[in-house]
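Single-letter residue listing:
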Amino acid sequence: MVMEKVLEVRNLSFAFYKGGKVIQALRDVSLTLKRNEVLGIVGESGCGKSTLALSILKLIPEKEGKIVSGEILFKGEDILRLSDEKLLQIRGNRISIVFQDPFTSLNPVFRTGNQIAESLALHRKENQSTHQMEKEIIKLLELVKMPKPKDTMWSYPHQLSGGMQQRVMIAIALSSNPEILIADEPTTALDVTIQNEILALLTELQKKLGLSIVLITHDFGIVAQICQRVSVMYAGSIVEEASTSEIFHNPLHPYTKGLLESLPSREELPSSPQGEKRRLKAIPGQVPDPSNLPSGCKFHPRCPVVIEDCKPEEPKLREIVKNHWVRCIRVGY
Amino acid sequence: MLKVENLKKYFPVERGVFRRVVDYIRAVDGISFGIRKGEIFALVGESGCGKTTTAKLIVKLLEPTDGEIFFHGKDISLLGRRELARKIQIIFQDPFASLNPRLTIGTIVGEAVECRLEATGEKVKTKEIINETKELLNRVGLPVNILNEYPHQFSGGQRQRIGIARALAMQPELIVADEPVSSLDISVQAQILNLLLDLRDSLGLSYLLIAHDLNIVRFLSDRVAVMYQGKIVEMGSVKNVYKDSQHPYTKRLLEAIPTLETGLIE
């Protein structure tokens, strides 16, 4: 079965302008989101994953940064060429976004019900009576499994816990019946047990509503739990892309390998508490400054298998195994 | 070495114009535990469970409502701030907020060195301070020529190293590490965790590790206590708690960790 591509990003490059300097936040990023798929984008802070999320929706003001080149196709149509009016019909309507921190994303002076209503009024054309609206809000809150939806509707954001606030955010995002949901670190601000509930909710909603989800995270554990495919980003570009199980069982890029090895895993139980050497395999060095990137492969200063050829030119993303793409000249020859 | 007995910290909830105390938040509600020399003891739990409050009580940044803390058999409430600081140091979660942005690295670490040297009663030479500061920076894996630079010039991982160097300057026996890596990138987390282990081996330090990441706790610590709503619900060796947890909350917490091995969907 050929799955329909709902979102395609092609060779996207994005630059921020800061104090006369140009910062290449995204370089040649391509990705494809298929219908009913959860695609994970993993990377460390500053790798450009949030910039990617925001630029897909053109949410970054042009004063601060611009898309330099590339295309973003929503069902075959290039979002970047649309007029502002048409863009509005897609942004927040057919593609919704959920941000990391629910507390700063919700307006503290309005009741949660009002905030959901605002989104409903914006995205649904026909005028609805207050009564209808209330019903819809309750339906949405039930959809995101909010306990006592009728009470929550009248409460202010600060009266809700972080997990509940994130449920409200998801309800707002879903109010327009979107086809694509972009979730930017949706559980980072939450505790693990709550994180689990939100992830379960996202998976369930994806199945129930036929959503396609782009999940942005720094946590490989989350990827393993809910994503079908993963793109690993480093310093503004995608260095590896494959199915989730392929990434975990057969990581090819030295960065992906290093990241997976540097995680304390479940099996590594210390055998004796005292005196025995237990160490993690750390990646040396640190994430490069986006305004001052190294030449060639951006990972070469930290790479354990670096050779001279890595330094002059940035490698291209190549398909090494079927559906497994890697940006490294040391792989596959 | 460290013994905590029936420690309590209640924060009053005040209402109205006269700030009448209407209730108490029982942040830490009668906990007891001990840390041995050279041991890494972890307190885990979700936000709001009282683990950071416990850390603050141990370094006397907060006064307990009730209960006692003994260090080598001495009640710490009888020790002065400075005296205690030479025995127990703390590393904070956020390396961006815990270093004074207007001081150079040399001053941040050097001040602590000076403070310790002064306590010996002898006259302190500037050269001595500089030398020792350099030695400390070297020990935590930083270049020694950064004395005149400012915190903003460093990455999160480097700043955390500076924080560790400052803590080591007092030559403490116990370091309270409050979420030492949770604000760092994954590839840098491993470096800092390894550094903490190296320091324990070379200096014979003990740690009280405060963390919410159960994978890190399992890797780093010898014994662990699980906190829930201000109480310790389970305590034991890492092996026992992780392999054979008894309390339902611990079980729930362990099941919630997203891991590569269990979570993978096919």
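S.K.: Explanation requested: the interface of chain A and chain B in the structure shown.
M.R.: Interface size is commonly expressed as the accessible area that is lost once the parts come together. Contacts between the two partners involve 36 residues from chain A and, on the opposite side, 34 residues from chain B. Among the secondary structure elements, those contributing two or more residues to the side of chain A that touches chain B are helix H8 (192-209), helix H9 (220-226), helix H10 (244-249) and helix H11 (254-262) of chain A. No other element matches H9(A), which puts five residues into the side of chain A that touches chain B. The residue inventory of the side of chain A that touches chain B, partitioned by class, reads 15 nonpolar, 13 polar and eight charged.

S.K.: What exactly am I supposed to notice about the confidence of the model for chain A here?
M.R.: Parts of the model with low pLDDT should not have their predicted coordinates read in detail. Put simply, chain A has an average pLDDT of 88, and 95% of its residues get 70 or more. Ignoring residues within four places in sequence, the model shows residues 270-275 of chain A, a span with pLDDT below 50, making six contacts including any to other chains.

S.K.: Just checking my understanding: could you explain the environment of B:Arg166 for this structure?
M.R.: All names here are of chain B. With respect to the element layout, Arg166 can be found in helix H5 (residues 156-169). It is 24 Å that separates the C-alpha atoms of Arg166 and Glu63, two residues lying 103 residues apart in sequence. For Arg166, the contacting residues outside a window of four places in its chain are Ile108, Val109 and Ala112.

S.K.: Can you help me understand the sheet that holds strand S1 (residues 2-15) of chain B in this one?
M.R.: Either a parallel or an antiparallel arrangement is found when strands of a sheet pair, and the pairing is made through backbone hydrogen bonds. Residues and elements named next belong to chain B. Spatial ordering of the open sheet is given by S2-S1-S4-S5, a layout of four strands whose pairing is antiparallel. Strand pairing shows two members of the sheet lacking a second neighbour, strand S2 (20-35) and strand S5 (74-75), which therefore form its edges. Sheet strands in contact with helix H1 (residues 51-58) are S1, S2 and strand S4 (66-71), and its direction is about 75° off that of S2.

S.K.: What is the right way to read helix H1 (residues 49-56) of chain A from this model?
M.R.: Residues and elements named next belong to chain A. Of all eight residues in H1, six are buried, a share of seventy percent or more. Of all the residues in H1, the buried ones are Lys49, Thr51, Leu52, Ala53, Ser55 and Ile56. Backbone geometry just after H1 places Lys58 at a positive phi near 50°.

S.K.: I would appreciate a short explanation of the packing of helix H3 (residues 105-119) of chain B against helix H4 (residues 126-139) of chain B in the present structure.
M.R.: The packing of two helices is summarised by the inter-axis angle and the distance between the axes. Residue and element names in this part refer to chain B. Contact geometry of H3 with H4 gives a least axis separation of 9 Å together with a crossing angle of 120°. By crossing handedness, the relation of H3 to H4 is classed as right-handed. Facing H3, whose interface residues are Gly106, Val109, Gly110, Val113, Glu114 and Leu117, H4 presents Glu128, Ile129, Glu132, Thr133, Leu136 and Leu137. Looking at the contact of H3 with H4, its residues break down into six nonpolar, three polar and three charged.

S.K.: Even after reading the chapter, I still don't get the sheet that holds strand S7 (residues 174-178) of chain B, so can you show me in this structure?
M.R.: All names here are of chain B. Spatially, the six strands line up as an open sheet ordered S6-S7-S8-S3-S9-S10, and their pairing is mixed. Every other strand in the sheet has two partners, leaving strand S6 (88-91) and strand S10 (231-237) as the edge strands with one partner each. Each adjacent strand pair in this sheet contributes to an overall mean axis angle of 15°, direction not counted. Summarising the sheet, strand S9 (residues 223-228) and S10 pair through six bridges and their orientation is antiparallel. Paired with Tyr228 across the bridge in S10 is Lys231. Against the sheet, H1 contacts strand S3 (40-44), S6, S7, strand S8 (206-211) and S9, and its axis sits at roughly 150° relative to S8.

How each quantity is defined
- Residues numbered from 1 in each chain as written.
- Chains lettered and ligands numbered in written order.
- Predicted model: local features only at pLDDT ≥ 70, side-chain atom pairs only at ≥ 80, totals over all residues.
- Contact = placed C-beta atoms within 7 Å.
- Helix = DSSP H or I, 4+ residues; strand = E, 2+ residues; numbered from the N terminus.
- Nonpolar A, V, L, I, M, F, W, Y, C, P; charged D, E, K, R; others polar.
- pLDDT = per-residue confidence, 0-100.
- Pairing = 2+ DSSP bridges.
- Axes fitted to C-alpha atoms, helices over the stretch in contact; angles between N-to-C directions.
- Buried ≥ 20, exposed ≤ 12 C-beta atoms within 10 Å, placed from the backbone.
- Left-handed = near helix turned anticlockwise from the far one by under 90°.

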